[in-house]
Amino acid sequence: MGLFSFTQEIAMDLGTANTIIITNGKIVVDEPSVVALDRRTDKMIAVGEKAKLMHEKTHENIRTIRPLRDGVIADFYACEQMMRGLIKQVNTRNHLFSPSLRMVIGVPSGSTEVELRAVRDSAEHAGGRDVYLIFEPMAAAIGIGIDVEAPEGNMIVDIGGGSTEIAVISLGGIVSNNSIRIAGDDLTADIQEYMSRQHNVKVSERMAERIKINVGAALTELGDDAPEDYIVHGPNRITALPMEVPVCYQEVAHCLEKSISKVETAILSALENTPPELYADIVHNGIYLAGGGALLRGLDKRLTDKINIPFHIAEDPLHAVAKGTGVALKNVDRFSFLMR
């Protein structure tokens, strides 16, 4: 069939931490958003998982770049190369000519015109002919399985790698939204800074990420499902001698406190701007957590206690946005909230 498929449809969740591509309703690419380029020729050496393995381990001729910062494109050229590389992984079959692509891409709801333009241009340079954009909280809602076109209020909190998207959705549109640039990357940076200040040990971004995954928590009391201490190896900041430091989840919860309370404030401010009728629906339905940040231990309980509205973690929080983007791709003509 490779001969005759002129258009190929691709749904992409272009994230700060991971990029996921769906075609025909299946996740075909799920890779970290990292690209490795040759410094001399600017040619792409690796993309995704391979490039992530090189991250923070390169010599002077290779640079690894995370093209997205805070949910938006920071390095235009690198982003285009990364999209090309990942789309190539979808088209492993030999086409006589590369098909023209119809793409739906998730973007942060707080994006400016310029940021939206950057995503659209990158997609077109990477081979997209019809490019549609969808706001991430809307995609997350569809991915969770909410009927977004119904006349009732639903609230989504999508905590990604670079931005946290908070939106109230009703009748296929976003009623009130709040997009803050505090998310997974900031939590990782908090842990790095804490380890350096408290234990005098230098940890890399990747190590801080592992600490977050293994012992990250939003509450200092987790009860039964508390994770075991995680052993961190690294050089002493002053003497450069090797150190071994056990880190417990209470410490991590303590050092993430500031960032998480900023997320709480943002959720409250989005609720403040919600019309009372929709507010009643939200209290009744609860608030949905999506994105990788939803996996932080105890986060749902902490938010529920603080805001007095039940928080539910989506079934597959990491892939909620991607799945929703995939559904939107199938119904491009039906959904009015897709931006051309």
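Residues numbered from 1 in each chain as written. Predicted model: local features only at pLDDT ≥ 70, side-chain atom pairs only at ≥ 80, totals over all residues. Heavy atoms only, no water.

A. Main features of the overall build of the protein chain. Regarding its fold elements, the protein chain presents 10 helices and 17 strands. Relative to the globule expectation of 20 Å for 340 residues, the C-alpha radius of gyration of the protein chain, 21 Å, shows essentially globular dimensions. Counting only C-alpha atoms, the protein chain reaches 60 × 60 × 35 Å along its principal axes. Each of the 340 residues in the protein chain was classed as buried or not, and the buried ones make up 54%. A sequence separation of at least 24 residues applies to 64% of the contacts in the protein chain between residues at least 6 apart. (Helix = DSSP H or I, 4+ residues; strand = E, 2+ residues; numbered from the N terminus. Rg over C-alpha atoms; globule rule 2.2 N^0.38 Å. Buried < 20%, exposed > 50% of the residue type's maximum accessible area, 1.4 Å probe, protein only. Contact = heavy atoms within 4.5 Å.)

B. Structural detail: the domain arrangement of the protein chain. Partitioning the protein chain into domains gives domain 1 (5–137 + 319–328), domain 2 (147–180 + 255–313) and domain 3 (183–253). Taken together, both faces of the contact between domain 1 and domain 2 bury some 810 Å²; the carbon and sulfur share is 61%. When residues of domain 1 are sorted by the area they lose upon contact with domain 2, Asp 70, Ser 109 and Pro 137 head the list and together hold 52% of the total. At the surface where domain 1 touches domain 2, the tally comes to 0 salt bridges. Counting every contact that joins domain 1 to domain 2 gives 3 residue pairs in polar contact (both at pLDDT 80 or more). For the side of domain 1 that touches domain 2, the elements supplying multiple residues, two or more each, are α4 (136–144) and α10 (320–330). Of the residues in the side of domain 1 that touches domain 2, the class split is 6 nonpolar, 4 polar and 2 charged. (Domains from an automatic or database assignment. Buried area = accessible area lost by both parts, 1.4 Å probe. Salt bridge = Lys/Arg side-chain N within 4 Å of Asp/Glu carboxyl O. Polar contact = N/O pair within 3.5 Å; in protein donor to acceptor, adjacent residues only side chain to side chain. Nonpolar A, V, L, I, M, F, W, Y, C, P; charged D, E, K, R; others polar.)

C. Molecular detail of the sheet that holds strand β4 (residues 35–38). With antiparallel pairing, 3 strands are arranged side by side in an open sheet as β5-β4-β6. The outermost strands of the open sheet, each flanked by one partner alone, are β5 (44–47) and β6 (62–65). Looking at each pair of strands side by side, their axes are set apart by 20° on average, direction ignored. Pairing analysis gives 3 bridges linking β4 to β5, with the strands arranged antiparallel. The residue bridging Ala 36 from the neighbouring strand is Ala 46, located in β5. Against the sheet, helix α2 (residues 76–90) contacts β4, β5 and β6, and its axis sits at roughly 65° relative to β5. (Pairing = 2+ DSSP bridges. Axes fitted to C-alpha atoms, helices over the stretch in contact; angles between N-to-C directions.)

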